[in-house]
Amino acid sequence: MQIQQLDKEYIAGTYKRADVVFTKGKGSLLWDENGKEYIDLGTGIAVNGLGVADDGWVEAVTAQLTRLPHASNLYFTSPQAELAQTLCARTGMKKVFFGNSGAEANEAAIKCARKYAFDIYGDASHSTIITLKNSFHGRTVTTLAATGQDVFHTKFEPFTPGFVYATANDLDSVKRLSEENDCCAVMMELVQGEGGVCSLDEDFVHGVEALCREKNMLLVIDEVQTGNGRCGALYAYMRYGIQPDIVSTAKGLAGGLPMGATLLGEKVQNTLDAGSHGSTFGGNPVCAAGALYVLSQIDEALLQSVREKSAYICETLQNTKGVKSVSGLGLMLGIETEKPAGEIVNACREKGVVCLTAKTKVRLLPALNIPMEQLEKAIAILKEVIEQ
Ligand SMILES: *Cc1c(COP(=O)(O)O)cnc(C)c1O
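Throughout what follows, the structure given in this document is the object of discussion. As the structure is a prediction and not an experimental result, all values here were calculated from the model.

**Here's the deal with the site of the ligand**
Every residue lining the ligand is accounted for by Ser101, Gly102, Ala103, Asn106, Phe136, His137, Gly138, Glu189, Asp222, Val224, Gln225 and Lys251. Measuring from an oxygen atom of the ligand, one finds a backbone N or O atom of Gly102 at 2.8 Å. One nitrogen or oxygen atom from the side chain of Lys251 is found 2.6 Å from an oxygen atom belonging to the ligand. For the ligand, the accessible surface in isolation is 380 Å², of which the surrounding protein chains cover 82%. With 3 residues, helix H5 (residues 102–121) is the single largest residue contributor to the shell around the ligand.

Structure, rendered in structure tokens:
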């Protein structure tokens, strides 16, 4: 109780927290202050991709922590350089900018897209970026402007201008906006996470890619939530068979430490030049060591198991009474239920299963390596709660 009182008294009231104090975790298990055990299907919102305190991850991170925790970007450090090399080798992207969060990864992507156009046209005439309605791109003033939901566009005016919003899975709406505005980029999530775990149609995504090529707009894919193995491929764009010009990612990248990355393709590899952008903590050696370890674990075998576990969850829940639909990709799933999602999440937590909501759905983001036995147990509890 004392922790909750301190929190209420001293922490800005931006979060509506659930009534639980977690004190430790291991893999896909969490424990609260009373020693109650939970199976974790939320991974701190897609962050703890290998579960909590994975042994190899702890070793990699602590080795770097005791050697050199921080140096600043005034100097070269090896984990950052190796991580950038690994990310490029595994994606075909050419260069990486490191930040500390999803919002920052998107800020870098937006700055890069605008500067790319500025360098071509010599002015800001093509600064407009098309994003999608129901998207989520972050909480800074600019990434809120990029977020295509009216609820986010109040009380903090003026927002950064230059964003227009197309309708997901409606290629004509993207075409229309690209004709009405001089645009430098289209930016979108392939599975809208906060928007309710809605995956985009393949045809739409391929249509947007073709339109981007035709109109020399950059294709920017926000993989903050979908990336790093979450959707059953290293990045979700790989499942769609497209090649973006810019990919932003964060959440699961460093396995529980704050890190964002903006991956830059061929067209924009030299756009962010000296002095054009920066971040004091960006590419921090400890976070980079954690990310290197995470990437070393995301191999074809793990991705295959992510796809299999996804199929298991979908099959089980699609045949559950009280489930209206199951959406998403890989281990990023949304369950539309007859009962309110919040009620289900609370009842699950009572019974020792942690899951999340996204809009009106129950959202599942289990660890990529969750043991099958724990997953089966948790899904059985979730099923029981939904059916009741
Ligand atoms: C979470 C999220 C962000 C914001 O990331 P932060 O680390 O909270 O800044 C941006 N885009 C998407 C798709 C996200 O899911």
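Here the narrative resumes, following the displayed structure.
**Regarding a nonpolar patch on the surface**
Residues Leu6, Tyr10 and Ile11 make up a contiguous nonpolar surface patch of about 330 Å² in total accessible area. Topologically, Ile11 is positioned in the loop between helix H1 (2–10) and strand E1 (22–26). Take Ile11: its relative accessible area is 41%, and that puts it in the partly exposed class.

**Observations concerning helix H13 (residues 372–387)**
Helix length check: H13, at 16 residues, gives a terminal C-alpha distance of 22 Å against a target of 22 Å (1.5 Å per residue), a fit within 8%. Along H13, the residues that are buried comprise Gln374, Leu375, Ala378, Ile379, Ile381, Leu382, Val385 and Ile386. Viewed along the axis of H13, the buried residues span an arc of 160 degrees, placing them on a single side of the element.

**Considering the sheet that holds strand E4 (residues 95–99)**
Spatially, the 7 strands line up as an open sheet ordered E4-E12-E11-E10-E7-E5-E6, and their pairing is mixed. The two strands at the open ends of the sheet, each matched to only one other strand, are E4 and strand E6 (163–166). For this sheet, the mean inter-axis angle between neighbouring strands, taken without regard to orientation, is 20 degrees. Here E4 runs beside strand E12 (residues 260–264); their pairing, made up of 5 bridges, is antiparallel. Within the sheet, the bridge partner assigned to Phe97 lies in E12 and is Thr262. Each of E4 and E12 touches helix H4 (residues 78–91); the most contacted strand, E4, lies at about 130 degrees to it. Along the sheet, helix H7 (residues 171–180) contacts strand E5 (128–132), E6 and strand E7 (183–188); its crossing angle with E6, the most-contacted strand, is approximately 155 degrees.

**Points about the packing of aromatic side chains**
Under the criterion given, the structure shown has 2 aromatic pairs. On the numbers, 5.2 Å between centres and 85 degrees between planes, the contact of Phe22 with Tyr38 is edge-to-face. On the criterion of sequence distance, the pair formed by Phe22 in strand E1 and Tyr38 in strand E3 (residues 37–40) is long-range, its members being 16 residues apart. For Phe22, a relative accessible area of 35% corresponds to the partly exposed category. For Tyr38, a relative accessible area of 4% corresponds to the buried category.

**Considerations on the pattern of salt bridges**
Two side chains with opposite charge may pair up if their charged atoms get near one another. For the structure on display, the rule yields 10 salt bridges. A salt bridge links Asp7 to Arg17, with the nearest nitrogen and oxygen atoms 2.9 Å apart. Taken together, the positions of Asp7 in helix H1 and Arg17 in the loop between H1 and E1 put the pair 10 residues apart, joining distant regions of the chain. A salt bridge links Lys26 to Asp55, with the shortest nitrogen-to-oxygen separation between them at 2.8 Å. Of this pair, Lys26 sits in strand E1 while Asp55 is found in helix H3 (residues 55–67), placing the two residues 29 residues apart along the sequence. Under the relative-accessibility criterion, Lys26 is labelled partly exposed at 39%. Since its relative accessible area comes to 56%, Asp55 is described here as exposed. When salt bridges with common partners are traced through the structure, they connect Lys115, Asp119 and Asp273 into a single cluster.

**A word on the sheet that holds strand E2 (residues 29–32)**
Reading across from one edge, E1-E2-E3-E15 is the order of the 4 strands in this open sheet, with mixed pairing throughout. A strand with exactly one partner marks an edge of an open sheet, and here the two such strands are E1 and strand E15 (353–354). Pairing analysis gives 3 bridges linking E2 to E3, with the strands arranged antiparallel. Residue pairing for E3: Leu30 is matched across the bridge by Tyr38. Where H13 meets the sheet, its contacts fall on E2, E3 and E15, and the angle it forms with E3 comes to roughly 100 degrees.

**Section: the side chain of Asp54**
When you line up the elements, Asp54 lands in the loop between helix H2 (43–46) and H3. At a separation of 3.4 Å, a polar atom in the side chain of Asp54 contacts the side chain of Tyr293. Apart from residues no more than four positions distant in its own chain, Asp54 is found in contact with Lys26, Tyr293 and Asn369.

Calculation notes
Residues numbered from 1 in each chain as written. Predicted model: local features only at pLDDT ≥ 70, side-chain atom pairs only at ≥ 80, totals over all residues. Heavy atoms only, no water. Near = heavy atom within 4 Å. Polar contact = N/O pair within 3.5 Å; in protein donor to acceptor, adjacent residues only side chain to side chain. Areas by Shrake-Rupley, 256 points an atom, 1.4 Å probe, with all protein chains shown as cover. Helix = DSSP H or I, 4+ residues; strand = E, 2+ residues; numbered from the N terminus. Patch = residues over 30% accessible without salt bridge, like charges linked within 9 Å, V, L, I, M, F, W, Y side chains within 5 Å. Salt bridge = Lys/Arg side-chain N within 4 Å of Asp/Glu carboxyl O. Buried < 20%, exposed > 50% of the residue type's maximum accessible area, 1.4 Å probe, protein only. Expected span 1.5 Å × (residues − 1). Arc of directions from axis to C-beta. Pairing = 2+ DSSP bridges. Axes fitted to C-alpha atoms, helices over the stretch in contact; angles between N-to-C directions. Contact = heavy atoms within 4.5 Å. Phe/Tyr/Trp six-rings, centres within 6.5 Å; stacked < 30°, edge-to-face > 60°.

The values reported here are purely geometric and, on their own, carry no functional implication.
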